Amino acid sequence: MKTKQLKYLIGVTAVVLVAVGWYFVNQNTKSVALAEGRLEISESDYDFGVVGLASVSHIFRLKNIGAGDITIVKVATSCGCTTAQLRQGNRITAPIGMDHGNLPRTNFTLGAGEEMEVIAAYNPLAHGLENAKGSFQRAIYLKTENPRDEYTLTFSIIVDPNKVN
């Protein structure tokens, strides 16, 4: 075989191998994406209205509407006055607060079609009586194993020390 024909054959073979490899890589990525979990949040924002100095809580409901599992790997709150707990049936996490770089991974997995709750708790006295009065907005951040899938639950609240809960 001549050198020119050999180079041509090697070039065509390389192009075919790259095309076949590209095809299989993209097919695998598409099937994995279809099998991912995805959270649906019944409400992502809540208004407590006017409350007194007692702690209050609210339950956010979430459902995995994807075809596969979804794992919440990190939960954090926007302030030390707020905590969050993940709950599904008898399984519940300890209260989780603000992330100062030391929060452990949550690793809370939800299968396809499964539901869970996020219990948001707010303590008006967390920063002392002198800082309790006023209008506040707080958030709970949920990060999944997929960096594109991050969720934020928010609430607003007005604290009036003269109001009784």
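Source: prediction; values computed, not measured.

Further remarks concern the overall build of the protein. What the protein contains, in helices and strands, is one helix and ten strands. Moving toward the C terminus, one meets the helices and strands of the protein in the order α-β-β-β-β-β-β-β-β-β-β. Here the protein, with 165 residues, has 34% of them falling under the buried criterion. Per element, the accessible surface of the protein, about 10200 Å² overall, is 56% carbon and sulfur.

Okay, the environment of F108 next. Structurally, F108 is set in strand β7 (residues 108-110). On the accessibility criterion, F108 (4% relative accessible area) is buried. Once the C-alpha coordinates of F108 and V73 are considered, the two residues, 35 residues apart in sequence, prove to be 6.6 Å apart. If sequence neighbours within four positions are ignored, F108 has contacts with I70, T71, I72, L86, R87, Q88, R91, T93 and M116.

Note that L39 resides in strand β1 (residues 39-41). With relative accessibility at 7%, the residue L39 sits in the buried group. For the pair formed by L39 and I65, sequence separation is 26 residues and the distance between their alpha carbons is 6.0 Å.

Here the focus is the sheet that holds strand β8 (residues 115-122). Across the sheet, five strands lie side by side as β1-β3-β8-β5-β6; this open sheet has antiparallel pairing. The strands lining the two open edges of the sheet, one partner per strand, are β1 and β6 (91-92). Pairing between strand β3 (residues 56-64) and β8: eight bridges, direction antiparallel. Counted as the bridge partner of R61 is E117 from β8.

On to the sheet that holds strand β2 (residues 45-51). On the basis of which strands lie adjacent, the open sheet formed by five strands has the order β2-β10-β9-β4-β7 and mixed pairing. The two strands at the open ends of the sheet, each matched to only one other strand, are β2 and β7. For this sheet, the mean angle separating the axes of adjacent strands, direction not counted, is 25 degrees. Where strand β4 (residues 70-77) lies against strand β9 (residues 134-144), five bridges are found, and the strand directions are antiparallel. Paired with K74 across the bridge in β9 is K143.

Take the packing of aromatic side chains next. How two aromatic rings sit relative to each other is set out by the distance from centre to centre and by the angle between their planes. The final tally for this structure, using the stated rule, is four aromatic pairs. Consider the rings of F48 and F155, whose centres lie 5.2 Å apart with planes at 90 degrees: the pair is edge-to-face. In this pair, F48 is assigned in strand β2 and F155 in strand β10 (residues 150-159), connecting sequence segments 107 residues apart. Comparing F48 with F155 shows no difference in burial state: the two are buried. Here the aromatic rings of Y122 and F136 are separated by 6.3 Å at their centres, their planes lie at 35 degrees, and the arrangement is tilted. Of the two residues, Y122 is situated in strand β8 and F136 in strand β9; the sequence distance between them amounts to 14 residues.

Cut-offs used in this document
- Residues numbered from 1 in each chain as written.
- Predicted model: local features only at pLDDT ≥ 70, side-chain atom pairs only at ≥ 80, totals over all residues.
- Heavy atoms only, no water.
- Helix = DSSP H or I, 4+ residues; strand = E, 2+ residues; numbered from the N terminus.
- Buried < 20%, exposed > 50% of the residue type's maximum accessible area, 1.4 Å probe, protein only.
- Areas by Shrake-Rupley, 256 points an atom, 1.4 Å probe, with all protein chains shown as cover.
- Contact = heavy atoms within 4.5 Å.
- Pairing = 2+ DSSP bridges.
- Axes fitted to C-alpha atoms, helices over the stretch in contact; angles between N-to-C directions.
- Phe/Tyr/Trp six-rings, centres within 6.5 Å; stacked < 30°, edge-to-face > 60°.

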